[in-house]
Amino acid sequence: MNNLESYPPILRHVSHPRHHSPDGGDAIHEEEPDPLPVIDLECLTHDETKTKKAFEEACKHWGLFRLVNHGVPSTLFSQLQHQAKQLFSLSFESKQASCSGSNPVTYFWGTPALTPSGTVLTTAPQNINWVEGFNMPLPHLSQFQSQLPQLHSFRDSVVEYGEHMSRIGRRLFEAMAKNLDLNIEASSSSSYVAENSGIMRIYRYPNCSNSDVGLGMEVHTDSSVVSILSQENEVSGLELLKDHQWLTVKPISNTLIVNLGDMMQAISDDRYKSVTHRVKLNSERERISICYFVFPDEDLQIQSSKYKPFSYKQFRAKVQQDVKTVGYKVGLPRFQHTHDSLN
Ligand SMILES: O=C(O)CCC(=O)C(=O)O
Ligand SMILES: [Fe+2]
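Residues numbered from 1 in each chain as written. Chains lettered and ligands numbered in written order. Predicted model: local features only at pLDDT ≥ 70, side-chain atom pairs only at ≥ 80, totals over all residues.

Per an unreviewed UniProt entry, the protein carries the name Fe2OG dioxygenase domain-containing protein and comes from Phaseolus vulgaris. Regarding the protein, the relevant UniProt record gives this comment under Sequence similarities (unreviewed entry): "Belongs to the iron/ascorbate-dependent oxidoreductase family." (UniProt positions renumbered as here; feature names shortened; annotations may be inferred.)

Caption draft 1: Examining the site of ligand 1 more closely. Around ligand 1 sit 13 residues in total, of which Tyr203, Leu238, Val279, Ser289 and Cys291 are the nearest. Among the elements of the structure, strand S5 (199-205), strand S7 (226-231), strand S11 (277-279) and strand S12 (287-294) are those that each provide at least two residues to the shell around ligand 1. When the residues that make up the shell around ligand 1 are grouped by side-chain class, the tally is 7 nonpolar, 4 polar and 2 charged. (Near = placed C-beta within 6 Å. Helix = DSSP H or I, 4+ residues; strand = E, 2+ residues; numbered from the N terminus. Nonpolar A, V, L, I, M, F, W, Y, C, P; charged D, E, K, R; others polar.)

Caption draft 2: Representation of the packing of helix H2 (residues 49-62) against helix H6 (residues 149-179). Two numbers describe how H2 lies on H6: the axes approach to 11 Å, and their chain directions differ by 90°. Of the possible angle classes, the one that applies to H2 and H6 is roughly perpendicular. Contacts from Lys52, Phe55, Glu56 and Cys59 in H2 reach Ala175, Met176 and Asn179 in H6. (Axes fitted to C-alpha atoms, helices over the stretch in contact; angles between N-to-C directions. Parallel < 35°, antiparallel > 145°, perpendicular 65-115°, else oblique. Contact = placed C-beta atoms within 7 Å.)

Caption draft 3: The sheet that holds strand S3 (residues 106-109), seen in detail. Pairing is mixed across the open sheet formed by 8 strands, whose spatial order is S1-S2-S10-S7-S12-S5-S4-S3. Two strands lie at the open edges of the sheet, namely strand S1 (38-40) and S3, each paired on one side alone. Taken pair by pair, the neighbouring strands of this sheet meet at an average axis angle of 25°, ignoring direction. Bridge count for S7 against S12 is 6 bridges, and the pairing is antiparallel. Looking at the pairing, Ile228 lines up with Tyr292 of S12. In the packing of H2 onto the sheet, the strands contacted are S1, strand S2 (64-68) and strand S10 (256-260), and the crossing angle to S1 comes to about 140°. H6 contacts strand S4 (132-137), S5, S7, S10 and S12 of the sheet and is inclined by roughly 135° relative to S7. (Pairing = 2+ DSSP bridges.)

Caption draft 4: Representation of the sheet that holds strand S6 (residues 217-220). Strand order in this open sheet of 4 strands is S6-S11-S8-S9, and the pairing throughout is antiparallel. Every other strand in the sheet has two partners, leaving S6 and strand S9 (245-248) as the edge strands with one partner each. Pairwise comparison of adjacent strand axes, ignoring direction, gives a mean angle of 25° for this sheet. Bridging between strand S8 (residues 238-242) and S11 involves 3 bridges; their strand directions are antiparallel. For Leu240, the partnering residue across the bridge sits in S11 and is His277.

Caption draft 5: Up close: the packing of helix H3 (residues 74-88) against H6. Across the interface, H3 lies against H6 with an axial gap of 9 Å and an inter-helix angle of 150°. Overall, the two elements H3 and H6 adopt an arrangement that is roughly antiparallel. For H3 against H6, the interelement crossing comes out left-handed. In this structure, H3 uses Leu76, Gln79, Leu80, Gln83, Ala84, Gln86 and Leu87 to contact H6, whose residues at the interface are Gln150, Leu151, Ser153, Phe154, Ser157, Glu160 and Tyr161. Split into classes, the residues belonging to the contact of H3 with H6 amount to 7 nonpolar, 6 polar and 1 charged. (Left-handed = near helix turned anticlockwise from the far one by under 90°.)

Caption draft 6: Expanded view of the pairing of S9. In the sheet, S8 pairs with S9 via 4 bridges, with the strands oriented antiparallel. Of the residues in S9, the one forming a bridge with Glu239 is Thr248. Between S8 and S9, which pair antiparallel one after the other, the connecting turn spans 2 residues, and Asp243 there sits at a positive phi close to 50°.

Caption draft 7: Quick peek at H6. Relative to the 45 Å expected for 31 residues at 1.5 Å per residue, H6 spans 45 Å between its end C-alpha atoms, a close match to the ideal helical length. Asp181 occupies a position one or two residues after H6 and carries a positive phi of about 55°. (Expected span 1.5 Å × (residues − 1).)

As structure tokens, this is what we get:
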């Protein structure tokens, strides 16, 4: 099958048959210096002073860092990327059919804005995101059966990968809570990084040489506590906003990208930053990324001096309402004390 036919019809305007350029398209050259903070998870776990400091700086001033020494086997990354590629290369119709009905795994395209059950929230056509993806809520994943063998084997790898992700999410949150002196008891720390609400998303972005068509994913902040991303080697696309400038998050094999989300910004009383980011289309190569989102228990009250108390459930409902009515996510400003008029 032609690769173009594997894309949802609406995305076919920009997608082109994959062709390799010798330098990997918009890939960043190895010799270019990488400004992103790098955090070693083992050193962080052992409370090493230098790493603790670097971690605090990264959370405060970047809201995003590269994570190394994270314990995820490199074979698992390549297996996931390979299986994701195979899954996406199936026909649009079979992907759509495999995830219909009451299935916990949903297939979406054109927008990453979904309801909790995975239904696409309608957005104005000008807001199209040039992306297709699968939404996989981890707690229900092991019971998920699919007629598509590609989806089935991918599911098994995602379950294994998900265990690493929740371990990493927990460790990162513990380190942040410690740095922030949050005084969260061990028993309630699990409600800030609730395993039963972890979501995995895999995305495919078509390649497009015309930068006027728009973005793979619009400018946004994540609603999560933290998000942990693995991106395909050599194919760049993700950018973060730092000091009013867009910086490319260079893909480096076997490293993870962690970004802080809105929940963490609120929990930290705005001391930490939910980073603004976007995804640009690569001019030469389609791009696959795998993202794990850590959320709090949906009813946990987030208390802070900067915002009215709210639960993640209330936050999510507000975001969904805004996407439907205003056309975009307003996010944390909705809950600021000073923004009563917005509510
Ligand atoms: O695909 C990526 O690199 C980033 C995806 C993202 O920002 C998101 O899912 O919130
Ligand atoms: Fe994001």
